[in-house]
Amino acid sequence: MAWRLRLPADQIDTWRVAFSGGDTAMSVSPAGYATVQGGVLRRSRESGAVHLVVIAVDEATARACLDDEIANADRDEGDDPAAWAATIAAHRRAGRVYGYPDCCVAAFCDGWLEAMSTRQRVVSDNALLILRAHLRSQAWHPLLRAFGAGLGEETASPLRHLPCRFDCSPSLALAQAIVADLRLISPAQAGRYERAAVHPIRLDADGSLTPWHGALEPSMAPSSTGPTMDVASLFPVTLPFAD
Ligand SMILES: [Zn+2]
């Protein structure tokens, strides 16, 4: 079992003291990374760069997961199917060790591969994955709003994976288990998750996400066009997360 996170350089020592030795081990990427448009990670020396970090039950697991994280971030797959396969294999390994639900790992790999193989038409694999999760959903649970962290909303969801749908039962069980564990060490933080104010989110034509303060309009609801979606025709959409 392992947990991944991203930390600014000035927080690494604090975390290392807390998680090195005993029952846990922590591995940190030597290079910093920044998130560019569409959620893609790129190496960065800018002041806002973060380091990829894995905390695991032992040193070997932490190292193996971090190696996959770094390889995925640094790999430029281009149009090379062998590189796509390497990335997919790493996502499956990581998903298993991180405890992500199988349905979500499968949905992520499927959507990512579609984004890569239709890269001329798809602006962002994250946008495609979020849109697909939206299309599958009957309900939009606030604890599954896993992209909120990218908007600076620290209590949108405790999950570190994008759910296959925003009412995915195994994801909801995992999120609730994390909040229950958190309640043991920080009741205040657990309470913030449970009381987090949630607003609709708009997925724009360039793949970016923004908090949406307008009214939801039925005409904005997307529709699927088949197994391979014409994503360009579906943007923008508003995801109806609400209090
Ligand atoms: Zn799922």
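That block above? That's the structure.
Draft legend 1. Seen up close, the nonpolar core. Core analysis: the biggest nonpolar cluster contains 27 residues, and Cys104, Ile130, Leu144 and Leu162 have the highest contact counts within it. Counting only elements with at least two residues in this core, the list comes to helix 4 (102-117), helix 5 (125-136), helix 6 (169-185) and strand 5 (201-203). Per-element tally for this core: the top contributor is helix 5, with 6 residues. Setting aside its immediate chain neighbours within four residues, leucine 162 contacts Phe108, Leu129, Ile130, Ala133, Ala146 and Phe147.

Draft legend 2. Representation of the sheet that holds strand 5 within the structure. In spatial order, the strands read 6-5-7; together these 3 strands make up an open sheet with antiparallel pairing. Pairing within the sheet leaves two strands with one partner each, and these edge strands are strand 6 (209-211) and strand 7 (237-239). Neighbour-to-neighbour, the strand axes of the sheet open up by a mean angle of 30°, direction not taken into account. In this sheet, strand 6 lies alongside strand 5 in antiparallel orientation, the contact comprising 3 bridges. Bridging across to strand 6, isoleucine 201 finds its partner in proline 211.

Draft legend 3. Broad picture of the packing of helix 2 (residues 59-74) against helix 3 (residues 81-98). The contact between helix 2 and helix 3 brings their axes to 10 Å, and the two run at 145°. Between helix 2 and helix 3 lies a crossing whose hand is left-handed. On the side of helix 2, the interface is formed by Thr61, Cys65, Asp68, Ala71 and Asn72, while helix 3 contributes Thr87, Ala90, Arg93, Ala94 and Val97. Class assignment for the residues of the contact of helix 2 with helix 3 results in 5 nonpolar, 3 polar and 2 charged.

Draft legend 4. Summary view of the sheet that holds strand 2 (residues 25-36). With respect to topology, 4 strands assemble into an open sheet ordered 1-4-2-3, the strand pairing being antiparallel. Both edges of this open sheet fall to strand 1 (2-7) and strand 3 (40-43), since each of them pairs with a single strand only. Neighbour-to-neighbour, the strand axes of this sheet turn through a mean angle of 45°, independent of strand direction. Where strand 2 lies against strand 4 (residues 50-56), 6 bridges are found, and the strand directions are antiparallel. When the sheet's bridge partners are listed, serine 27 is paired in strand 4 with valine 54. Helix 1 (residues 12-19) rests against strand 1, strand 2 and strand 4 of the sheet, and its axis sits at about 150° to strand 2.

Draft legend 5. Structural view of the packing of helix 3 against helix 4. Interhelical geometry of helix 3 versus helix 4 gives an angle of 160° and a closest axis separation of 10 Å. Judged on the interaxial angle alone, helix 4 and helix 3 are roughly antiparallel. Regarding helix 3 and helix 4, the two cross each other, and that crossing is right-handed. Taking contact as the criterion, the partners of Trp84, Ile88, His91, Arg92 and Gly95 in helix 3 are, on helix 4, Val105, Phe108, Cys109, Leu113 and Met116. Residue composition of the contact of helix 3 with helix 4, grouped by class: 7 nonpolar, 2 polar and 1 charged.

Draft legend 6. A look at helix 1. Of all 8 residues that make up helix 1, 0 are buried, and the element is exposed over most of its length. Of the residues trailing helix 1, glycine 21 is marked for its positive phi of about 90°.

Draft legend 7. Looking closely at the environment of valine 54. Examined against the element boundaries, valine 54 turns out to sit in strand 4. With 26 C-beta atoms counted inside 10 Å, the residue valine 54 sits in the buried group. Sequence-wise, valine 54 and serine 27 are 27 residues apart; in three dimensions their C-alpha atoms are separated by 5.3 Å. Sequence-distant contacts of valine 54, that is, excluding residues within four places in its chain, are made with Ala2, Arg4, Ser27, Ala62, Cys65, Leu66 and Glu69.

Calculation criteria
Residues numbered from 1 in each chain as written. Predicted model: local features only at pLDDT ≥ 70, side-chain atom pairs only at ≥ 80, totals over all residues. Core = buried A, V, L, I, M, F, W, Y, C linked by C-beta atoms within 7 Å. Buried ≥ 20, exposed ≤ 12 C-beta atoms within 10 Å, placed from the backbone. Helix = DSSP H or I, 4+ residues; strand = E, 2+ residues; numbered from the N terminus. Contact = placed C-beta atoms within 7 Å. Pairing = 2+ DSSP bridges. Axes fitted to C-alpha atoms, helices over the stretch in contact; angles between N-to-C directions. Left-handed = near helix turned anticlockwise from the far one by under 90°. Nonpolar A, V, L, I, M, F, W, Y, C, P; charged D, E, K, R; others polar. Parallel < 35°, antiparallel > 145°, perpendicular 65-115°, else oblique.

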